[in-house]
Each structure stands twice: as structure tokens, then as C-alpha cells.
Amino acid sequence: MSGESVGKYAATSETVEEGSREIKISYIDITKDLTFDVEKSNTINGNKDSDCKDKPLKDGVDFDDLLPHIGNFGTYQRILFLLLAPYTLFYVFVYFTQIFITLVPDDYWCNVPELLHLDASDRLRLAIPLNNGEMSRCTMYSVNFTEKLLNNITEGDPSWPIQSCIFGYEFDHSEIPYTTIATELGWVCESDALPTIAQSVFFLGAITGGLLFGWIADRFGRVPALIGANVVGGLAGIGTAFCHHFWSFTLCRYFAGFAFDNCFTLMYILALEYVGPKWRTFVANMCTAIYFGLGSLIMPWIAYGVNDWRILSIVLSAPLILAIFTPWIVPESARWLLSQNRIEKATSIIHKFERINKKTIDPDVFKSFIETCQRNIESQQDRNYSLLDLFKTPKLRKTTLLMIVIYMSVSLVYDGYIRSITSIGLNIFIAFTLASATEFPASLALTFVLDRWGRRWPLFGSMCLCAVCSIILSFTVNGNVILAMTFMIIGRFLVNCSYNIGQQVATEYLPTVVRAQGVAFVHNLGYVANMISPFVIYLQVVHHSVPFWILVAVAIIGGTSILFLPETMDRELPQTLEDGEHFGDGFKFWDVPCKSKQRKKSKDEQ
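A brief look at the structure comes next. (Residues numbered from 1 in each chain as written. Predicted model: local features only at pLDDT ≥ 70, side-chain atom pairs only at ≥ 80, totals over all residues. Heavy atoms only, no water.)

## A few points about a positive patch on the surface
Alright, step 1. Together, Arg342, Lys345, Lys352 and Arg355 line one region of the surface with positive charge.
Alright, step 2. One can find Lys352 in helix α15 (residues 343–356). (Patch = residues over 30% accessible without salt bridge, like charges linked within 9 Å, V, L, I, M, F, W, Y side chains within 5 Å. Areas by Shrake-Rupley, 256 points an atom, 1.4 Å probe, with all protein chains shown as cover. Salt bridge = Lys/Arg side-chain N within 4 Å of Asp/Glu carboxyl O. Lys, Arg positive; Asp, Glu negative; His and termini not counted. Charge placed at Lys NZ, Arg CZ, Asp CG, Glu CD. Helix = DSSP H or I, 4+ residues; strand = E, 2+ residues; numbered from the N terminus.)

Next up, the structure:
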């Protein structure tokens, strides 16, 4: 055995007889065959991190290996978790503004200027025909009402001629106490598809924005893309308030769609990239549980309190512009910086985490980390990544295609449940609040479930159970309000679970070098499903059960698709395309993580 002192650390080497391994430990010089003493590296300078314990270091140290040394979920990661709050609320505002500024009351009828001096009940009795005992919404009698009143006629005659509502409409605002753009411009009857078209154009904007800001995120960084998405969405949302025609409104909603998802997802990706595998589920689901859940609960009451669709558009859109302060409060993704050969900037951020988390990285570990980064950069030098890289190799191609199917399915079912809440017959503000109250328990449940049972089977189970709820709703939605609302809430709880899992695994499956573009691309196809969902719900004009049977089929397809992908629980995020291609090698279709853990534990005990 030999040893010498170098600086304040000792460099020691020992050679034993042939048949045993040669151990070289150096706290200054790192060689190719270096093996670190993990327990010792965990206690360097008295900083012991249980997350590092029993974690063997590979030939080279990548970002996931370094995370335990700066803290898997230290003070700085907790700050990032808190900073998810405003961006998640922006997401809520962008998503649900579209719904609350285009609401249409259930009861409306033709406007008859000649009869405005009468009470509403008297106007209806005289001017509006009955269809099967119910008041017509889209027709009125075509007679001289002034003459009828002079002849003391106060009730309509079914034999009178009928015409469409040539003077516009009146709306019963007892349930929705404010004018929306749909009621202001008369988007009912023959124009009742216009809100659906405008909402679909909004999601078309989301597709455009996803492609644009996904490319910006991988080319110029997560932070610039995050700022751009929020600012464009905020300005377009404010512009919405000044629209007086369908096409100007639709154009503004198209650009507002640029912010949908992108205003939050990029921050979501960034936060997940900075936490260890064991904390990804907590961060991914608790930000949704707390911030999205709270935002969804207060959203209808903001609309109710503001009581004006134009002011509401401004109130909900203006906060997005605050994203211009992002560079001063949110660090750029170190993983992205490393993939762009900006090692100096990445290391400064890592040292900031180290300082705030009150950790000290073993110098040898950090040196090995830098050398690993340099080797990776040299091997990928002059390589520009694009979405096409996800389709060049068989496993990544399969993963990407299945993620598209899964995310489109959960997006359509999720959006379908949100929009179908108006068909229940309950007050829209109360119904929306009750359904939104499922966000917190769903996300909280996943926080405990996903790190025990993994992602695959919970998504499969929640989607299939949601399909069962959709079947029941197809029979009850036009009958028993309480029963329908009960299964609407249960179904919303289940699809909340599915959506959260789908959003998380999209980030976990795709390699860092194309993660932002890949996630944006998958989400974009989800927007296609969002574009379709308003038309799916619109099919209730054919029969009230049709939308729910479509949701049944989509839920089963999406839930089954996840079973063909490997489990991501406790797995390091893939960094390179090669990591992505070999991610989940050896997985079996019927694998259940908790059973796998039990088998591994039993084997270790033996």
C-alpha cells in the first residue's frame, strides 16, 4: 500500500494479488478506471446526502449522477416548485377564458322590438311559438304585433306565420349574469357553431405556438421560449377584449392559443429537469394539485365577480406579460446548456444550486462530470437535433408514436369532460367548481401512487374506469341531474389522473437533446384532439349520448397504449438519442413495478 498527501486530501492506491480487483482511489486525479468510494464522497466536507448513498457512480458522471451532490430536492428546487405557481395559473387563465367569454344561457328567444315595453312573460306568450310544449329559441311569429295589441290579443296563435329571429335575441341571464361575446353577437341558432369554431382555432394557435416555441426552447433556451409564449398570449388575450366581429375575435384567439400549454409546459420541463427521479412525481403532480386545482376553483368566480366579458379578458390575460421578469427569477436549464456546449454557464448555475442548497460537491466528482460533458459534446459536435431524430430509430419511433396516441386520447377525454359540464343542467359556476375540486385529490393521490405502482398501470386503470363513467353518463346526462353530476365528478377525477400521468411521462420518455421539441410536438397533437373535442360535444345536438360514446372509445384506446411502453418510475431521464433508444431495455408487458421491487428485494436478501 502506498499513499501521499496532495492538498488537504490523501491520494492512496493499493495493489492486491491476481484474482482480486485493483482499487485506485484518488481525490485529485481522475483516471479512466477510477472507482469512487460512494460513502466517502457522500460525506466530503461533512455534507452527507442520503440521496447519494448506495448509488454507484458510473465511468463518468452525468447530470443525474451529480444531482444528489447538489440536492435532489433542496432549497433551490423548492423555490422552483414555488415559481411554478404563476405559470400554472397563467395556464388556467389561458385555458378557461375561452369557455367563460363564450358561454350561452340555456334559455333565449327572439328579440321583438315592438314588445319591449311588456314584461318578458307577456312577450313570450304573444310572440314566441311553442314546439312540443317548449318555447322556441330560434323562431317568432311573423305578424304585426302592434296591431295585435290594439285588438287586445295577448297570446300567440299557432296558425300565424313563423319566421327566424330577424331582430336578434334576448337571453335569460339569471344563471349567467353577464353578457358574453356569444350573446352580444348572437352566436346561437344558425350561428351556434361559431363559438365551437373559435375554440378550435384557439387550439390551432396552440399547435403553431407549440412548434414555434418548442423550436425556440431547444435552439435558444427554455427561458426565452417561456417569455415569448406568455407575452404573445397575454397581448392577444387583451386584444380579444376589443373585438366586435367573429373574425377579429377568432384571430385574437388564434394568437392567444400560442400561450396555451406553452405558457406552463416549458417551466414544468425546466423544474422537472432539476429534481432527482424520486422527486419528479411529487413536483409534477403537486404543482397541478395545488396551483392548477386552486386556479380552476377560483376561475368561475372571477368570471362571476367581474361580470363583463371584455374586462374579464383583460383581467385574465394581463398577468401573462409579467413573464418578462422570468430571466431574473428562473435559471436556464443546465441540461440544455450542457447539450449546447455552454459548460461555463451551466456550471455557474450548478454552483448556485450548490450554494443555496448548502452542499459541497466532491471536486473529483465535479471534475469527472465536466469531463463526461466534454466527451458527450465531442461525440455530438456539430449536430443539430430536430423532431426527425425521434423517428429515425425503431424504439424512439415507437415511443413517440405511442405518446402521441396517449396524449391525444387523454387530451380529448379531459377537454370533453370540461366542456360537457354545461350539458348537465346544473348551474355552470357551481358545476364547474365541483368538477374542478377533483384536481387536488387526483394529483395528491398520484403523488403516492406513481412511485409505488409506476405510470403505466395507473394510466391504464384510470382511463378504463373513466370509460365506464362515460357509459353511465350516456344514459343519465339528460335525466337525473344529481346522478349525472356524480359520475361527471368521478369521471373528471379519473381523467385528471390520466392527464397528469400523460403530461409527466411525455417529459420522462424523450431525450434531453430534443425534449422541448418532442414534448411540444406530442402536445401539439394533443391540441388536435382539443380542436376536435368542441365538435364532439357539439354532437349532442344529434343525441345527448353520442359525445360520451366517443369518449368511451377514445379512453380505452389511450389507456391501452401506455402498456406497450416501458416503465419510467425511478429511471434517470434519457440525455442522448442513444439513451432514448435503449430506454427501458428488457421491460415486459405485464411488469408491475411494486412486484418487481418485491422480487428484487427478495433476491437481495438471499
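Back to the text.
## Quick look at the state of the cysteines
Alright, step 1. By the definition in use, this model includes two disulfides.
Alright, step 2. Residue pairing for Cys110: its cysteine sulfur links by disulfide to Cys165, the two sulfurs lying 1.7 Å apart. Its S-S torsion of approximately -65° makes the covalent link between Cys110 and Cys165 left-handed. In this pair, Cys110 is assigned in strand β4 (residues 108–110) and Cys165 in the loop between β8 (162–164) and β9 (169–171), connecting sequence segments 55 residues apart.
Alright, step 3. Relative accessible area serves as the criterion here: at 1%, Cys110 is assigned to the buried category.
Alright, step 4. A residue is classified by how much of its surface remains accessible, and Cys165, at 9% relative accessible area, is buried. (Disulfide = S-S within 2.5 Å. Buried < 20%, exposed > 50% of the residue type's maximum accessible area, 1.4 Å probe, protein only.)

## Describing helix α21 (residues 481–509)
Alright, step 1. An ideal rise of 1.5 Å per residue puts 42 Å on 29 residues; α21 measures up with 41 Å between its terminal C-alpha atoms.
Alright, step 2. In terms of burial, α21 is a largely internal element, 21 of the 29 residues being buried. (Expected span 1.5 Å × (residues − 1).)

## Comments concerning the environment of Ile269
Alright, step 1. By the element assignment, Ile269 lies in helix α10 (residues 262–273).
Alright, step 2. A relative accessible area of 1% places Ile269 in the buried class.
Alright, step 3. Through-space distance from the C-alpha of Ile269 to that of Ala516 is 7.7 Å; in sequence the pair is 247 residues apart.

## A word on a nonpolar patch on the surface
Alright, step 1. A cluster of nonpolar side chains, namely Leu322, Ile324, Phe325, Trp328 and Ile329, defines an oily patch on the protein surface of about 570 Å² accessible area.
Alright, step 2. Mapping Ile324 onto the fold places it in the loop between α12 (309–317) and α13 (326–329).
Alright, step 3. Using a relative accessible area of 40% as the deciding quantity, one classes Ile324 as partly exposed.

## Some thoughts on the nonpolar core
Alright, step 1. Counting 146 residues, the largest nonpolar core has Phe96, Phe100 and Phe369 as the members making the most contacts within it.
Alright, step 2. Of all the elements, helix α3 (residues 75–100) adds the most residues to this core, at 16 residues.
Alright, step 3. If we ignore the near neighbours within four places in the chain, the residues touching Phe96 are Phe292, Ser296, Met299, Ile418 and Phe432.
Alright, step 4. By size, the runner-up hydrophobic cluster in this structure holds 18 residues, among which are Tyr108, Ile128, Tyr169 and Cys189. (Core = buried A, V, L, I, M, F, W, Y, C linked by side-chain atoms within 4.5 Å. Contact = heavy atoms within 4.5 Å.)

## Focus on unusual backbone geometry
Alright, step 1. Of note, the phi angle at Cys189 is positive, near 55°, even though the residue is not glycine.
Alright, step 2. Residue Cys189 is classed as buried on the basis of its relative accessible area, which comes to 11%.
Alright, step 3. Positive phi values are uncommon outside glycine, yet Asn307 reaches one of about 65°.
Alright, step 4. Looking at Asn307, the relative accessible area reads 37%, which means it is partly exposed.

## Points about the packing of helix α8 (residues 222–240) against α10
Alright, step 1. Taken N-terminus to C-terminus, the directions of α8 and α10 make an angle of 155°; their axes are 8 Å apart at the nearest point. Between α8 and α10, the crossing angle belongs to the class labelled roughly antiparallel. Seen along the crossing, α8 lies across α10 with a hand that is left-handed. Residues Arg222, Val223, Ala225, Leu226, Ala229 and Asn230 of α8 touch α10, and the partners they reach there are Asn262, Cys263, Leu266, Met267, Ile269, Leu270 and Glu273.
Alright, step 2. Along the lines of polarity and charge, the residues of the contact of α8 with α10 split into nine nonpolar, two polar and two charged. (Axes fitted to C-alpha atoms, helices over the stretch in contact; angles between N-to-C directions. Parallel < 35°, antiparallel > 145°, perpendicular 65-115°, else oblique. Left-handed = near helix turned anticlockwise from the far one by under 90°. Nonpolar A, V, L, I, M, F, W, Y, C, P; charged D, E, K, R; others polar.)

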